[in-house]
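Notes for the structure review
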Amino acid sequence: TAVIIAFAVVFTMFQISRPLLKISRAMSAIITDVRHASSMTTAGSRVSEINGISDAFGKLGMGIDAMTKYVPSALVGQILASNSTQLLRMHPANLTIMFTDIQNFSGI
């Protein structure tokens, strides 16, 4: 019976650790290169909490992918790689904004 219990413990351990390792590796890949965000796959598991983490991670990847459409990938990678929120803080600044119009633009 001790062998059966040991086998059950090892089997359960792998059911938990493999999906978590897959998620961890995918996170590291994203921090290294933001372009991996759109190719993230979920790590299926029999443990519902791990599935929840995996689904949330997949949605994070979609969000990062959407962000790189409007913000340069290098900047998104810099934000993700830093462990600080300093890059995301707002600060007052004086700006000059010029609005221009191209004559007959809609005909171009």
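This text goes with the structure placed above it.
Residues numbered from 1 in each chain as written. Predicted model: local features only at pLDDT ≥ 70, side-chain atom pairs only at ≥ 80, totals over all residues. Heavy atoms only, no water.

1. Some points on the nonpolar core
Formed by Ile23, Ala26, Ile30, Val34, Phe57, Ile64 and Val76, the largest nonpolar core amounts to seven residues. Of all the secondary-structure elements, those providing two or more residues to this core are helix H1 (2-32) and helix H2 (48-67). Looking at which element gives the most residues to this core, the answer is H1, with three residues. (Core = buried A, V, L, I, M, F, W, Y, C linked by side-chain atoms within 4.5 Å. Buried < 20%, exposed > 50% of the residue type's maximum accessible area, 1.4 Å probe, protein only. Helix = DSSP H or I, 4+ residues; strand = E, 2+ residues; numbered from the N terminus.)

2. Here we look at the packing of H1 against H2
Viewed as axis vectors pointing N to C, H1 and H2 meet at an angle of 15°, and their least axial separation amounts to 10 Å. Between H1 and H2, the crossing angle belongs to the class labelled roughly parallel. Crossing geometry of H1 relative to H2 is assigned as left-handed. Counted together, Gln15, Ile16, Pro19, Leu20, Ile23, Ala26, Met27 and Ile30 of H1 and Ile50, Ile53, Ser54, Phe57 and Ile64 of H2 form the full contact between these two elements. Class assignment of the residues belonging to the contact of H1 with H2 gives a composition of 11 nonpolar, two polar and no charged. (Axes fitted to C-alpha atoms, helices over the stretch in contact; angles between N-to-C directions. Parallel < 35°, antiparallel > 145°, perpendicular 65-115°, else oblique. Left-handed = near helix turned anticlockwise from the far one by under 90°. Contact = heavy atoms within 4.5 Å. Nonpolar A, V, L, I, M, F, W, Y, C, P; charged D, E, K, R; others polar.)

3. With respect to H2
Over its 20 residues, H2 extends 29 Å from the first C-alpha to the last, a length consistent with the 28 Å expected when each residue adds 1.5 Å. Those residues of H2 not exposed but buried are Ile50, Ser54, Phe57, Gly61 and Ile64. The arc that holds the buried residues of H2, viewed along the axis, is 80°, so those residues lie on one side. For H2, exposure combined with an orientation more than 90 degrees from the buried face picks out Ser48, Glu49, Lys59 and Met62. For H2, the elements touching its buried residues are H1 and helix H3 (73-81). (Expected span 1.5 Å × (residues − 1). Arc of directions from axis to C-beta.)

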